Amino acid sequence: MILIKNGLIIEDNKLIKKDILIHKEEILDISDEIDMDCEVIDCTGLLVMPGAIDVHVHFREPGFTDKETIKTGCLSAAKGGVTTVMPMPNLNPCPDCYQNLKLELDLISRDACVHCYPYGAVSRGENQLEASKVEEIHDLVYAISDDGKGVNNASLLEDVMRMAKKYDLVIASHAEDSVDGYLPKGEYVAVRREIELAKKIGCRYHFCHMSTKESFEAIRKARSEGYTNITCEVTPHHLVLNEEMIQDGNYKMNPPLRSEENRLATIEALIDGTAQMIACDHAPHTEEEKKREYNKCPNGIIGLETMIPIIYTEFVKNGKISLNRFLDLMVYNPISVFHLPKRDLKKGYVADLAILDIENPHTYTKDEILSKGKNSPFIGKTYYGFPKYTFVNGKLVYKR
């Protein structure tokens, strides 16, 4: 047994001091005062929350292990207080059929220290030409995506939408029109087109890393019309950075950093509920790749280790969002939208916990990064809320 003493938990938008007793994989008790002869962790002044859930990460394995592995990616997640992740399918081989997905699942079973639920692909090899074998993999995944590529083959997308509806899967879209690409118009033109298809088919449709005012307006309108199966996420970097802040390749991602107007629209979507969740789009690359000149280096930054601190510092600590909204964005909404296994800070639930230092600021350094990738624009930045301990299935998987 492990006893977490004097921690602060969130109840009705307030921080309440509680003791938490963990037995094996579960939360055995939560009370004002627990005395037990067992291992005790003093969490005075620390916030204890259910582990965060990130529905959009890239762990690069199989196929690109020079950038990241399932093991290092999961360690990075644990360091960031993220206890459930959903790795994207732009891998080699691509998880577009049972055989390829099984290879990834076996690696996860061997190496993951957090819950890891991979995506299946929308199209074979993300080629946009032929649908993946959804019928072979639908009971092994919660969602499918061709992330990294916009699906501009409307006929194929409609066919896969029908399969996703049949098997109750989410389709997660990297909305990018083939004409305008990564420009703002390339995003919102694709969003508008895909919303109409999703409304027609009635499938569960989720937009990844939204970043433009027009995209949020379209999603907000669809949801106001009753299409609540249409959802979206926003990233920490699109919330706190804009295109004027770009310094080097560690600021390059897709969608790229946008104008200040679009950044403010992203914040508005976060606050008013248009965006259901935060996802960091953790995308590690080698230092050699990211040191190339800006136009020649690959898109993507790491984010698992800084997601919670950024959102806590920039939005909770300064009162822009409530404590309850913080939990919804980080934990409960991803579970609800993707129909993931339920997690909560309650008696009888699996002990997946992130324990955050919300009183002392910490400056993020390159040396502490556990991801293979060091490509973060947040190195050298100071935030509150870095995890001090992370538990998965009642087991301590990270301690700072």
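This text follows the structure it describes.
Described below are features of the structure shown in this document.

Conventions we followed
Residues numbered from 1 in each chain as written. Predicted model: local features only at pLDDT ≥ 70, side-chain atom pairs only at ≥ 80, totals over all residues. Heavy atoms only, no water. Helix = DSSP H or I, 4+ residues; strand = E, 2+ residues; numbered from the N terminus. Rg over C-alpha atoms; globule rule 2.2 N^0.38 Å. Buried < 20%, exposed > 50% of the residue type's maximum accessible area, 1.4 Å probe, protein only. Areas by Shrake-Rupley, 256 points an atom, 1.4 Å probe, with all protein chains shown as cover. Lys, Arg positive; Asp, Glu negative; His and termini not counted. Charge placed at Lys NZ, Arg CZ, Asp CG, Glu CD. Core = buried A, V, L, I, M, F, W, Y, C linked by side-chain atoms within 4.5 Å. Polar contact = N/O pair within 3.5 Å; in protein donor to acceptor, adjacent residues only side chain to side chain. Contact = heavy atoms within 4.5 Å. Axes fitted to C-alpha atoms, helices over the stretch in contact; angles between N-to-C directions. Parallel < 35°, antiparallel > 145°, perpendicular 65-115°, else oblique. Left-handed = near helix turned anticlockwise from the far one by under 90°. Nonpolar A, V, L, I, M, F, W, Y, C, P; charged D, E, K, R; others polar.

## So, the overall build of the protein
Looking only at helices and strands, the protein features 11 helices and 19 strands. The C-alpha radius of gyration computed for the protein amounts to 20 Å, which stays within 12% of the reference 21 Å derived for 400 residues, consistent with globular compactness. Among the 400 residues that make up the protein, the fraction classed as buried is 60%. Accessible surface, the protein: about 15700 Å² in total, of which carbon and sulfur atoms supply 47%. The average position of the 49 basic charges and that of the 61 acidic charges among the side chains of the protein differ by 1 Å.

## A word on the nonpolar core
Residues F207, F326, M330 and F338 are the most contacted members of the largest nonpolar core, which totals 106 residues. The greatest single-element share of this core, amounting to 9 residues, is contributed by helix α11 (residues 323-338). Among the nonpolar cores identified, the runner-up in size contains 16 residues, and C43, V48, L345 and Y389 belong to it.

## Digging into the side chain of S76
Position of S76 among the secondary structure elements: in helix α1 (residues 70-79). Within the structure, S76 has its side chain in polar contact with the side chain of E305 (distance 2.7 Å). When sequence neighbours within four positions are dropped, the list of residues in contact with S76 reads H282, L304, E305, L370 and S371.

## Notes on the packing of helix α5 (residues 184-201) against helix α6 (residues 213-224)
Orientation of α5 relative to α6, taken along the N-to-C sense of each, is 15 degrees, at an axis distance of 8 Å. Regarding the angle of α5 to α6, the classification is roughly parallel. Read as a crossing pair, α5 and α6 show a hand that is right-handed. For the pair α5 and α6, contact is made by E187, Y188, V191, R192 and I195 and by E214, S215, A218, I219 and A222, respectively. Taken together, the residues that form the contact of α5 with α6 break down as 6 nonpolar, 1 polar and 3 charged.

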